[in-house]
Amino acid sequence: MSLDVSPALLEQAERGEVDEAEFVDCVKNSLPYAWEMISSLVARLQVDGGEFADNQTPPATEQQRGQLLRALASDAIRGSLERHFGVRLAFQNCHRVAVFPMDASADDRLQRFTSIRGQLLNQSPLLRDC
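Residues numbered from 1 in each chain as written. Predicted model: local features only at pLDDT ≥ 70, side-chain atom pairs only at ≥ 80, totals over all residues. Heavy atoms only, no water.

## Observations concerning the pairing of strand β3 (residues 96–101)
Part 1 of the reasoning: Of all six residues in β3, six are buried, a share of seventy percent or more.
Part 2 of the reasoning: Where burial is concerned, the two faces of β3 agree: the one with Arg96, Ala98 and Phe100 and the one with Val97, Val99 and Pro101 are both buried.
Part 3 of the reasoning: Here two bridges tie strand β1 (residues 53–54) to β3, and the two strands are oriented antiparallel to one another. Residue pairing in the sheet places alanine 53 in a bridge with valine 99 of β3. (Buried < 20%, exposed > 50% of the residue type's maximum accessible area, 1.4 Å probe, protein only. Helix = DSSP H or I, 4+ residues; strand = E, 2+ residues; numbered from the N terminus. Pairing = 2+ DSSP bridges.)

So this is what it looks like as structure tokens:
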């Protein structure tokens, strides 16, 4: 299971609409490594400015790697995190998470980051099994 869903949140989902803030809180509590990674990158982007902020340090454990994969591979989780933080998220390999501003100022850089060329240039034999 990728999220620790409370009975109350599950009941909301069964009834229909789910409060997104409660879902984001569930993600925060269920995937603390991914949450901390993304929130620290958002803070760095806000403080330092620029086109984007990214992480290039692999997770220390498989559990941490799994949290990043679950957070960024799920359209629902990823979309909620983007709306919550007001950024666009991009992901390469098993750990390279990047946050980009929502406005068009970083469109070119985001396109380069998410391109086939960008993916190929970010490869490393050390990351083969991540």
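## Some words on the sheet that holds β3
Part 1 of the reasoning: If you walk across this open sheet you meet the three strands as β1-β3-β2, and the pairing is antiparallel. At either margin of the open sheet sits one strand with a lone partner, and together these are β1 and β2 (87–92).
Part 2 of the reasoning: Pairing of β2 with β3 involves six bridges; the strand directions are antiparallel. Opposite glutamine 92, over in β3, you have arginine 96 as the bridge partner.
Part 3 of the reasoning: Contacts from helix α4 (residues 62–73) reach β2 and β3 within the one sheet, and its direction differs from that of β2 by about 125°. (Contact = heavy atoms within 4.5 Å. Axes fitted to C-alpha atoms, helices over the stretch in contact; angles between N-to-C directions.)

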